[in-house]
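Okay, here's what each chain looks like letter by letter:
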Amino acid sequence: MFPFRNGSLPANALLIAIGVAAGVGMTMLVKPVSNREKSDGRETTGQRQPTPSRPPGATTPHEKEHPTLSDATAIEDPQERVTAIRDAGAEAARKDPATALMLVGNLASEQDKLEFLRGIYSVWAANDPLSALDYAKSSLSAGLARSEAIGIAVNKWAAKDPRAAWLWSEANLSGPLQEQAFTDVLIGWTRKNPADAAQWLANTGYSSQPLITAVARTWAEQDLQKSDAWAATLPDKDARKSARTIVASEWANQNPAEAAEHFENAISQPDGAAIAITLTDIWATTDPAAASVWVAKMPAGPIKDEAAATLAIVWAASDINASVAWSEALGDEAMRRKVVTHIGTTWGAIDPDAALDWLQSLPGPLASQGISGAFNSWAATDAAGLRVVVDASPASPEMDQARLALADVLAATEINSSLDLAFGLSSPPARDDAAARYFRQWRKTDDASAQEWLTQNWNTLEPSTRQRLTREQQRTIVTR
């Protein structure tokens, strides 16, 4: 249908999230990543693995020869280099932390310095957290190195004496650094005694997202039932919803069908959309067909529609043909319209020609929002390719959607182009509305250039457009 394309499939696939956001404005739930999931020397939240038996004569990791710093910095493979530098830092700290810290200055790369410091703190903080923290506060300049050193130290301390680590953080830190330290403490504490950590958090009165997440996720990795029982009792509504969603995420990663059964009642509640979307998002990545059966059994309403929309996005990204077949079997027209919209938007970021061919084969009311979403995704992932198509196509209501999608994307960097596209719209009211919107946006960023453009082009504008732009010219511009 549209032969004038030059965007690559990999580029479009990588930018699919941009297309989805531009097309329908859906808020995607992103699984929070705990600091413990980074290999930075902190206590991890992952399930502890059984220690394998070793044959007679085999050495433990600590019995192996440790890399020297010079050997580590000579490694070219990025991941091996990181591991070796951290190991070298840890080994130097076992001998003498003060001498190890002096070696940091010998490293040329800031990243190498950070990795070596992480290695030092993984050992030093485990043996003497207070000295390690005092050094971080007094001798490390503000920034990532200080933040990482403090985080590792309080996490290590919390594994042994969490209350002392918390109270030190409360007395010695402030702002984001304190918030992150509290999170590190709670992760180490929850790993040791989740009920105790949860009760302490309740007693402090804190209900911030990172702290709730720290306890919920770490506890869920150890005991799904107990962590959700705790989450369900939180008095603050937002904290309760956040914690239960975190637990649901961990549960779905382990067993989505079991999670769906457990949270059936929670999903039926007015604030159950977050849990439903989270479960659907995770289940759809492994077994979208099974997820579709579960979604179909939900009571009709907004929560079911949002779950179906989430399934459409995930399924379309992995198997477009199967997602299309599923959409065609839906009996609920309102839900089907939403599903078609999300499939079209997602497909439009991957293969807009095929997406638009499919959408145009559907009844107009069913496909209209999907067509708009597909053009928005196309504009976000391949603006140059869509521009060729727009320039080569006669004005029409469908091309109006393409023009506006492209103009919205270009407005951040090429406002002149956005105005040119607006003047090509087939509907005079839509043309004037779009021209006024882009002119207003231009005035907010560069009023002098916008006024100069208006003066130069005044004689070429239609009377109705002049009237709209005159009103815009007289408005007071508020910049942020």
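In what follows, the structure referred to is the one given above.
Residues numbered from 1 in each chain as written. Predicted model: local features only at pLDDT ≥ 70, side-chain atom pairs only at ≥ 80, totals over all residues. Heavy atoms only, no water.

## Quick notes on the overall build of the protein
Line of reasoning, step 1. Looking only at helices and strands, the protein features 28 helices and zero strands.
Line of reasoning, step 2. When burial is assessed residue by residue, the protein has 47% of its 480 residues classed as buried.
Line of reasoning, step 3. Pairs at least 24 residues apart make up 61% of the contacts formed inside the protein by residues separated by at least 6 positions.
Line of reasoning, step 4. If you sum the accessible surface of the protein, you get close to 23,000 Å²; carbon and sulfur atoms cover 53% of it. (Helix = DSSP H or I, 4+ residues; strand = E, 2+ residues; numbered from the N terminus. Buried < 20%, exposed > 50% of the residue type's maximum accessible area, 1.4 Å probe, protein only. Contact = heavy atoms within 4.5 Å. Areas by Shrake-Rupley, 256 points an atom, 1.4 Å probe, with all protein chains shown as cover.)

## What to know about the packing of helix α7 (residues 129–139) against helix α8 (residues 144–158)
Line of reasoning, step 1. Following both chains from N to C, one finds α7 and α8 inclined at 165°, their axes separated by 9 Å at the closest point. On the basis of the axis angle, α7 is roughly antiparallel to α8. In the packing of α7 onto α8, the handedness of the crossing is left-handed. Seen from α7, the contacting residues are Pro-129, Leu-130, Leu-133, Ala-136 and Lys-137; seen from α8, they are Arg-146, Ala-149, Ile-150, Ala-153, Val-154 and Trp-157. (Axes fitted to C-alpha atoms, helices over the stretch in contact; angles between N-to-C directions. Parallel < 35°, antiparallel > 145°, perpendicular 65-115°, else oblique. Left-handed = near helix turned anticlockwise from the far one by under 90°.)

## Topic: helix α9 (residues 162–172)
Line of reasoning, step 1. Every buried residue belonging to α9 is among Pro-162, Ala-165, Trp-166, Trp-168 and Ser-169, and all of these are buried. Burial along α9 is one-sided: seen end-on, the buried residues are contained in an arc of 160°.
Line of reasoning, step 2. Looking at the buried positions of α9, the neighbouring elements they touch are α7, α8, α10 (175–192), α11 (194–204) and α12 (209–222). (Arc of directions from axis to C-beta.)

## Describing the packing of aromatic side chains
Line of reasoning, step 1. For the structure on display, the rule yields 16 aromatic pairs.
Line of reasoning, step 2. Judged by centre distance (5.8 Å) and plane angle (35°), the rings of Trp-219 and Trp-230 are tilted. Here Trp-219, found in helix α12, pairs with Trp-230, found in helix α13 (residues 224–232); they are 11 residues apart in sequence, far enough to count as distant.
Line of reasoning, step 3. Since its relative accessible area comes to 8%, Trp-219 is described here as buried.
Line of reasoning, step 4. Centre to centre, the rings of Phe-423 and Trp-453 are 6.1 Å apart; their planes meet at 10°, and the pair counts as stacked. Separated by 30 residues along the polypeptide, Phe-423 in the loop between α26 (415–422) and α27 (428–457) and Trp-453 in helix α27 bring together distant segments of the chain.
Line of reasoning, step 5. Chaining the aromatic ring pairs together yields one cluster made of Trp-166, Phe-182, Trp-189, Trp-200 and Tyr-206. (Phe/Tyr/Trp six-rings, centres within 6.5 Å; stacked < 30°, edge-to-face > 60°.)

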